[in-house]
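# Chains, contacts and geometry: an overview
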Amino acid sequence: MKRAGIVVTVIFALLALIVGFVGGTAAFYTLQPSAPNNHTIIKFVVTDKDTANSVGQRLQQDGLIRNALLFKLLARYRKLDTSIEQGVYNLSPDMTMDQIIHKLQSGIPDQLLAGPPDGLRVTQYPQYFIGLKNFDATAFLQTAKTGIEPDGTKLWEKYWFVEKPQPNVAYALEGYLYPAKYYFTADAGVKQVVETMLNQLGAEFCPGDTTTYQYIADQAQCKAHAAIVNGQNIFTAMEKAYFTSDDRLAIYRTLTVAGLTTREILNYSDAKGVAGVYYNRYLDSLSKLPNDVSLSAGVAGYMGSDPSTEYARDTDHPPTDGKWWADIGNVGGKNVDPGSLYNTEAGANHPGLPPGPIAAAIKDVIYAAAAPYGYPQNKEFYFISDKCGNIHYAPTYNQFTAIMLPTSCPS
């Protein structure tokens, strides 16, 4: 008798002794496929925190097995707790419990779930793809820097919404590689990773069938099926907000404001307010505000973004310990290269937006930047986060300096 059969028999015998013949017969029944004629493929995700118990519970919830307890007993006997590999396994309800365990125990997932969280710069991305055996971190960073794939494909020519590399930009694809978890085959390389994230960014501007990304390849089709933000076509909103009929440039500026915003917030609900402040400062840098709106000396015309200045510092001197975004502290940009256009503190004398995005944002933040809540409806020009993660706003510098931050947070 095969080992799997012996294990099943042992479990059956134990259960039969405990609950009697009827219970043992039920146990055999529960080891069979949960739906013998259902061949539907279900992507079952196993994480590094999973155990036989948690996997069994989710398998039962997903309708893949009949009984989580029996799975747990059989899986532990087979030492599945010590051999299961994280990843995505294609399972179906017509598989027996033993077949499912064998599939999981093989340690060869059909796909891997990989991708970065939002708010990171592209130099932090490689660590999130180390499970892909053909992913080359050096080649990825070179593609992110130049916008050119290892096979020579110029991504701004393949994707109409990607801006051609601009002068003084550290990484051409910064802000464009949409942060999320994706399903990849284990042999996916740089091209698959980069294009998957770019496809998803396009889908956030013109949603549709995300299995085919049906609208993103054609600019006119994308605009005709655009996302709606604040009751209007996202492209109409961006063109109006950023004073251009060039959709590619409008997206670029939107992603730049979104990158500044995402580094400042802990809650996506704050994206509207923070993006509004940065947008008002952007308007000020273009002299688009009424004459009676006066920002304090040393602030007028400047974004004054600590994260952008941190980006400037870390681009010039990449941290060897992997700790990007260290707090700039009270010194502001004084110890950061004043020649870097990413240094948006007033002392560096680079008014307006930085050369490009500094981080990748999710759609909530992108949409807030695409249709910014700016002047005259919103007259806030300053904000500060407290230790509790709450953001406080002020229209003038004097009011900003008068903000009393809490010394403790509610329990």
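Conventions we followed
Residues numbered from 1 in each chain as written. Predicted model: local features only at pLDDT ≥ 70, side-chain atom pairs only at ≥ 80, totals over all residues. Heavy atoms only, no water. Helix = DSSP H or I, 4+ residues; strand = E, 2+ residues; numbered from the N terminus. Buried < 20%, exposed > 50% of the residue type's maximum accessible area, 1.4 Å probe, protein only. Contact = heavy atoms within 4.5 Å. Areas by Shrake-Rupley, 256 points an atom, 1.4 Å probe, with all protein chains shown as cover. Axes fitted to C-alpha atoms, helices over the stretch in contact; angles between N-to-C directions. Parallel < 35°, antiparallel > 145°, perpendicular 65-115°, else oblique. Nonpolar A, V, L, I, M, F, W, Y, C, P; charged D, E, K, R; others polar. Pairing = 2+ DSSP bridges. Salt bridge = Lys/Arg side-chain N within 4 Å of Asp/Glu carboxyl O. Disulfide = S-S within 2.5 Å. Arc of directions from axis to C-beta. Polar contact = N/O pair within 3.5 Å; in protein donor to acceptor, adjacent residues only side chain to side chain. Core = buried A, V, L, I, M, F, W, Y, C linked by side-chain atoms within 4.5 Å. Lys, Arg positive; Asp, Glu negative; His and termini not counted.

## A closer look at the overall build of the chain
- For the chain, the count of helices and strands is 15 helices and 8 strands.
- By the burial criterion, 49% of the 411 residues in the chain qualify as buried.
- Here the analysis covers contacts within the chain between residues at least 6 apart in sequence; of these, 61% occur between residues at least 24 apart.
- Of the roughly 19800 Å² that the chain leaves accessible, carbon and sulfur atoms contribute 52%.

## Digging into the packing of helix α10 (residues 234-241) against helix α11 (residues 247-262)
- At a minimum axis separation of 9 Å, α10 and α11 run at an interaxial angle of 80°. Considering their axes alone, α10 and α11 lie roughly perpendicular with respect to each other. Between α10, through Phe235, Met238 and Glu239, and α11, the contact on the second element is made entirely by Asp247, Ala250, Ile251 and Thr254.
- For the contact of α10 with α11, the residue count by class is 4 nonpolar, 1 polar and 2 charged.

## Quick word on the pairing of strand β7 (residues 382-385)
- As paired elements, β7 and strand β8 (residues 391-394) share 4 bridges and run antiparallel to each other. Bridge pairing in β8 links isoleucine 384 to histidine 392.
- Between β7 and β8, which pair antiparallel in sequence order, lie 5 residues; one of them, glycine 389, sits at a positive phi of approximately 90°.

## Comments concerning the pattern of salt bridges
- All chains considered together, the criterion is met by 9 salt bridges.
- With a closest N to O distance of 2.9 Å, aspartate 314 and arginine 313 form a salt bridge.
- Look at aspartate 314 and you get buried, because its relative accessible area is 5%.
- The class for arginine 313 is buried, based on a relative accessible area of 18%.
- Residues joined in a network through salt bridges with shared partners are Glu149, Asp151, Lys158, Lys191 and Glu195.

## A few points about the state of the cysteines
- Tallied over the full model, the rule gives 2 disulfides.
- Put simply, cysteine 206 and cysteine 222 are joined by a disulfide, and their sulfur atoms are 2.2 Å apart. With the S-S bond torsion at -95°, the cross-link from cysteine 206 to cysteine 222 turns out left-handed. You can see cysteine 206 sitting in the loop between α8 (190-205) and α9 (219-224) and its partner cysteine 222 sitting in helix α9, a full 16 residues away along the chain.

## Let's talk about the environment of threonine 96
- By the secondary structure assignment, threonine 96 is in the loop between β2 (87-91) and α5 (97-105).
- Threonine 96 sits in the buried class, given a relative accessible area of 19%.
- The sequence separation of threonine 96 and arginine 66 amounts to 30 residues, and the corresponding C-alpha distance is 9.7 Å.

## Brief notes about helix α2 (residues 52-61)
- Considered for burial, the residues of α2 that qualify are Ala52, Val55, Gly56 and Leu59. Looking down the long axis of α2, one finds its buried residues gathered within 100° of arc, a one-sided arrangement.

## Looking at the environment of serine 305
- Residue placement: serine 305 occurs in the loop between α12 (271-285) and α13 (306-316).
- In this structure the C-alpha to C-alpha distance between serine 305 and arginine 263, which are 42 residues apart in sequence, comes to 9.5 Å.
- Discounting residues that sit within four places of it in the chain, serine 305 has contacts with Leu260, Glu264, Tyr278, Thr344 and Glu345.
- Polar contacts involving the side chain of serine 305 include one to the side chain of tyrosine 278, which spans 3.4 Å.

## Notes on the nonpolar core
- Residues Phe129, Phe140, Leu177, Phe205, Ile234, Phe235 and Ile366 are the most contacted members of the largest nonpolar core, which totals 93 residues.
- If we ignore the near neighbours within four places in the chain, the residues touching isoleucine 366 are Tyr178, Leu201, Phe205, Thr254, Leu255, Ala258 and Ala361.
- Leu31, Phe44, Leu80 and Ile84 belong to the second largest nonpolar core, which has 21 residues in total.

## Some thoughts on the side chain of aspartate 386
- Mapping aspartate 386 onto the fold places it in the loop between β7 and β8.
- Notably, aspartate 386 is buried but unbridged: the nearest opposite-charge side chain belongs to lysine 387, and the N-O separation is 9.0 Å.
- There is a polar contact of 2.8 Å between the side chain of aspartate 386 and the backbone nitrogen of cysteine 388.
- Looking at aspartate 386, its side chain comes within polar contact range of the side chain of histidine 392, at 2.7 Å.
- If we ignore the near neighbours within four places in the chain, the residues touching aspartate 386 are His392, Leu405 and Pro406.

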